[in-house]
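Coordinate inspection notes
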Amino acid sequence: MRACISLVLAVLCGLAWAEDHKESEPLPQLEEETEEALASNLYSAPTSCQGRCYEAFDKHHQCHCNARCQEFGNCCKDFESLCSDHEGFSHSSDAITKEEIQSISEKIYRADTNKAQKEDIVLNSQNCISPSETRNQVDRCPKPLFTYVNEKLFSKPTYAAFINLLNNYQRATGHGEHFSAQELAEQDAFLREIMKTAVMKELYSFLHHQNRYGSEQEFVDDLKNMWFGLYSRGNEEGDSSGFEHVFSGEVKKGKVTGFHNWIRFYLEEKEGLVDYYSHIYDGPWDSYPDVLAMQFNWDGYYKEVGSAFIGSSPEFEFALYSLCFIARPGKVCQLSLGGYPLAVRTYTWDKSTYGNGKKYIATAYIVSST
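Residues numbered from 1 in each chain as written. Predicted model: local features only at pLDDT ≥ 70, side-chain atom pairs only at ≥ 80, totals over all residues. Heavy atoms only, no water.

Counting its secondary structure elements, the protein chain contains twelve helices and ten strands. The 370 residues of the protein chain split such that 57% are buried. Within the protein chain, contacts between residues separated by at least 24 positions form 64% of all contacts whose residues are at least 6 apart in sequence. Summed over its atoms, the accessible surface of the protein chain is roughly 15,400 Å², and 48% of this surface lies on carbon and sulfur atoms. (Helix = DSSP H or I, 4+ residues; strand = E, 2+ residues; numbered from the N terminus. Buried < 20%, exposed > 50% of the residue type's maximum accessible area, 1.4 Å probe, protein only. Contact = heavy atoms within 4.5 Å. Areas by Shrake-Rupley, 256 points an atom, 1.4 Å probe, with all protein chains shown as cover.)

The following block contains the structure:
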């Protein structure tokens, strides 16, 4: 399986771990959701700090929004109004550095005591294909991806609360989501359970120290809005959310979008609704969580490249994606897990906001590991 690592270098591993204030080079766009991002103008204007507050320095930009732009006198005109203690971003002295993100991600990695152990999951990744073959939609794997999963994992409180959320959504965009009182209670129960874990305590402590949140309740309230708040990807009002897209999966324009969670994959595969086709990347980790970039069919709809953690707890994924969205919204976020680098890409949903102009999560997914 590790032989596939070389195949992905040209595509998934296109990110350079840049130094001297340079950001990573963009990857080729592998996911359907990036088409939505382009169409929705999620990329920021180079002359504005909209969506760019405290990004890394990039010499190619006409003006800057990084932590030291005021010191060098090269900030965009709207830096002060958009970035100075504005909507979850702190003053430049509190900007989160790449090194701090990598340090806290290692702490989160070590704190994930609810993750699967080696004996809990038996994977059969089978055929590895080249990135150029991902559009062929050929099933090269006659057997399921998961040979065995110890389902005792799913009785753990965070797993059980997470699984309860997965059947609360309509996967087709364009159909409004309407939550019952029970389903809303399940959202609160999930947040309540994950906040009991060492993983989320580490994340909150870090963000509190960074002056991003004044209290744990403020943090939880923001998580609920950014992940579970509804917005519109299609023609219907309130047909999507960050949680639905990333963890449960959606279908838009005849293609699978999102769907970046191994528990969801396993449960759907077990029911005969997911057909695993192939993979183009298997991460370097020799224990869980690991990373797999795969191709599959979800009950009649194809996913060209779906990257996912394998064997991680729900709180681990939720914490890392939240960290990246808060620290690097709409950007590549460079993490470190068990000594290995990993990059996560988030997108903000700019068509609607919550609170006083805060952005929802449009998507978050793994884009690179070396």
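On the secondary structure map, E317 appears in helix α12 (residues 314-327). It is R264 that comes nearest to the buried, bridge-free E317 among opposite-charge side chains, at 12 Å. Setting aside residues no more than four positions away along its own chain, E317 makes contact with F247, H260, N261, W262, F309 and S312. (Lys, Arg positive; Asp, Glu negative; His and termini not counted. Salt bridge = Lys/Arg side-chain N within 4 Å of Asp/Glu carboxyl O.)

Applying the stated criterion across every chain, the model contains ten salt bridges. Between K358 and D222 there is a salt bridge, with its nearest N and O atoms 3.5 Å apart. Of this pair, K358 sits in strand β10 (residues 358-369) while D222 sits in helix α9 (residues 216-228), placing them 136 residues apart in sequence. Both residues of the pair, K358 and D222, count as buried. E250 serves as the salt-bridge partner of R233, at 3.1 Å between the closest nitrogen and oxygen. You can see R233 sitting in the loop between α9 and α10 (242-248) and its partner E250 sitting in strand β3 (residues 250-252), a full 17 residues away along the chain.

Moving on to unusual backbone geometry. A cis geometry characterises the amide bond from Y288 onward to P289, with omega recorded as 5°. You will see that N211, though not glycine, has its phi angle at about 65°, which is positive. By the element assignment, N211 lies in the loop between α8 (198-209) and α9. Despite not being glycine, K253 has its phi angle at roughly 55°, a positive value. Structurally, the position occupied by K253 is in the loop between β3 and β4 (255-257).

We now examine helix α6 (residues 157-165). Turning to α6, its buried residues number three or more, namely T158, Y159, A161, F162 and L165. For α6, the arc enclosing every buried residue in end-on projection is 165°, short of the 170-degree limit, so these residues lie on one face. The secondary structure elements touched by the buried residues of α6 are α7 (181-194), α9, α10, α11 (262-270) and α12. (Arc of directions from axis to C-beta.)

Attention now moves to the environment of I101. When you line up the elements, I101 lands in helix α5 (residues 98-111). Separated by 235 residues in sequence, I101 and S336 have C-alpha atoms that sit 8.1 Å apart.

A separate point is the nonpolar core. Membership of the largest hydrophobic core comes to 92 residues, with the highest contact counts inside it found for F190, F219, W227, F243, W262 and F318. The element that contributes the greatest number of residues to this core is α12, accounting for ten residues. Sequence-distant contacts of W262, defined by excluding residues within four places in its chain, comprise I121, F146, V149, L153, F154, Y159, F309, I310, G311, S312 and E317. Membership of the second largest hydrophobic core comes to eleven residues, among which are C53, C63, C76 and F79. (Core = buried A, V, L, I, M, F, W, Y, C linked by side-chain atoms within 4.5 Å.)

Under the counting rule described, the total for this entry stands at three disulfides. Linked covalently through their sulfurs, C63 and C76 form a disulfide whose S-S length is 1.9 Å. With the S-S dihedral at roughly 85°, the linkage between C63 and C76 falls on the right-handed side. Of this pair, C63 sits in the loop between α2 (32-39) and α3 (69-72) while C76 sits in the loop between α3 and α4 (79-83), placing them 13 residues apart in sequence. With relative accessibility at 11%, the residue C63 sits in the buried group. Cysteine C141 remains unbridged, with the sulfur of C128 as its closest cysteine sulfur at 9.4 Å. For C141, a relative accessible area of 1% gives the class buried. (Disulfide = S-S within 2.5 Å.)

What follows covers the pairing of strand β8 (residues 332-337). Buried residues dominate β8, accounting for five of its six residues. Direction of pairing for β8 relative to strand β9 (residues 340-354): antiparallel, over a ladder of six bridges. Considered in β9, the bridge of L337 is made with Y340. (Pairing = 2+ DSSP bridges.)

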